[in-house]
2 protein chains.
Amino acid sequence: MRMSTKAQYAVRAMVNLNLYSDGSPVTLRDISLRESISLTYLEQLFVKLRRGDIVKSVRGPGGGYLLARPAKEIQVDEIIDSVEESLVPVSCMDQKRGCVCDDRCVTHNVWHGLAERIRDFLSSITLEELTLEAKGMPGKSKTNS
Amino acid sequence: MRMSTKAQYAVRAMVNLNLYSDGSPVTLRDISLRESISLTYLEQLFVKLRRGDIVKSVRGPGGGYLLARPAKEIQVDEIIDSVEESLVPVSCMDQKRGCVCDDRCVTHNVWHGLAERIRDFLSSITLEELTLEAKGMPGKSKTNS
DNA sequence: ATAATAATTGACAGTTTTAGTCGGGTATGT
DNA sequence: ACATACCCGACTAAAACTGTCAATTATTAT
Ligand code: FES
Ligand code: FES
């Protein structure tokens, strides 16, 4: 039951991007240096984040990445979805309309309920909240405990 | 973010064990046949379940496994813990007293909060509830939705 | 005692997933 | 033209997962 480092990196990179964004594009090289994540690996992640409508890219010199939407409208679960990390704990209920639970699935409700809790929690946190928290000014949110 | 099949098997096996238990020990061979899980793999799991004080073993002919405690006192998270599947989504906060969050961990609260939700949910479900549900008589519990 | 039963244990191998690299391409501003 | 920076797919090494095998020990029935 581990969140892959891919997902962890994606969230960290997004917070960092938002933190150092002043309206002009932020390069992956900067994020790479600040977060100690391999540049080529970051590129891989940002291709997916762009496709997931989390960021948009600006090519050429002076280019880089910008948020595709206001930070307030970007939820953590969307970031993780974008880099193709499933948030569902069992493979049988991946994307299809519920899993084909014939009869022998006594544990179905356990995994289904768990998936729901995970999704609910991660969708309740926005990139803006994380960024404010990183700045040392906790917003109105209550992330844990 | 996947629950390993090891953990899934362990929970299924425990429900099955409790379901067909009439006071005398249940053999792994029976569980193996009913749940279509390799006997040798089950053996591996039950060694750990015994160490985790979930079941107790009776050796020799007529032997098998029994619950170490009443089903009402066995929670799903304990079963998963026993087979050594971590319920914490990030490795840095594995068992030690919180992780060494120096300064650059802007996502700490996300994973910590997530771990808490997962633990809370799985500890709220007992083996007894699952067994009753499997019998088609939902207890007083509300597992999901 | 002896044989049959069933748990116990450690080592091992095949497969899949993860994490990350590499090499080349494409668009754009100066 | 040229440097910058994104874009993309193939590739690989390492780890984890899933499961098997062989050998042993403890207990009970005969
Ligand atoms: S088929 Fe997915 S839990 Fe039953
Ligand atoms: S060290 Fe674990 S989240 Fe910071």
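Up top you'll find the structure we're talking about.
Residues numbered from 1 in each chain as written. Chains lettered and ligands numbered in written order. Predicted model: local features only at pLDDT ≥ 70, side-chain atom pairs only at ≥ 80, totals over all residues. Heavy atoms only, no water.

**Focus on the interface of chain A and chain B**
- Across the contact, 41 residues belong to chain A and 41 residues belong to chain B.
- Buried area between chain A and chain B, both sides added, is near 3,700 Å², and the carbon and sulfur share of it is 61%.
- Considering only the side of chain A, the residues that lose the most area to chain B are M1, R2 and V106 of chain A, jointly responsible for 21% of the buried surface there.
- Taken together, the links from chain A to chain B amount to zero salt bridges.
- Here chain A is connected to chain B by ten residue pairs in polar contact (both at pLDDT 80 or more).
- At the level of secondary structure, the elements contributing two or more residues to the side of chain A that touches chain B comprise α1 (5-19), α2 (28-35), α4 (76-82), α5 (108-123) and α6 (127-134) of chain A.
- With eleven residues, α5 of chain A is the largest single contributor of residues to the side of chain A that touches chain B.
- Split into classes, the residues belonging to the side of chain A that touches chain B amount to 20 nonpolar, eleven polar and ten charged. (Contact = heavy atoms within 4.5 Å. Buried area = accessible area lost by both parts, 1.4 Å probe. Salt bridge = Lys/Arg side-chain N within 4 Å of Asp/Glu carboxyl O. Polar contact = N/O pair within 3.5 Å; in protein donor to acceptor, adjacent residues only side chain to side chain. Helix = DSSP H or I, 4+ residues; strand = E, 2+ residues; numbered from the N terminus. Nonpolar A, V, L, I, M, F, W, Y, C, P; charged D, E, K, R; others polar.)

**Looking at the environment of D53 of chain B**
Residues and elements named next belong to chain B.
- As for its position among the elements, D53 is in the loop between α3 (39-51) and β1 (55-58).
- Residues D53 and S32 lie 21 residues apart in sequence; the distance between their C-alpha atoms is 21 Å.
- Discounting chain neighbours no more than four positions away, the residues touching D53 are A68 and R69.

**Some thoughts on the protein's contact with DNA strand D**
- Taken together, 26 residues form the shell around DNA strand D, and within it R50, S57 and Y65 of chain A together with S38 and R59 of chain B come nearest.
- Counting only atoms of DNA strand D within 4 Å of the protein, the fraction found in sugar and phosphate groups is 68%.
- At 2.2 Å from a phosphate oxygen of DNA strand D is found a side-chain nitrogen or oxygen belonging to S38 of chain B.
- At the level of secondary structure, the elements contributing two or more residues to the surface near DNA strand D comprise α3 (39-51), β1 (55-58) and β2 (64-67) of chain A together with α1 (5-19) and α3 of chain B.
- Sort the elements by how many residues they give to the surface near DNA strand D and α3 of chain A lands first, with four residues.
- Among the residues forming the surface near DNA strand D, the class breakdown is nine nonpolar, eleven polar and six charged. (Near = heavy atom within 4 Å.)

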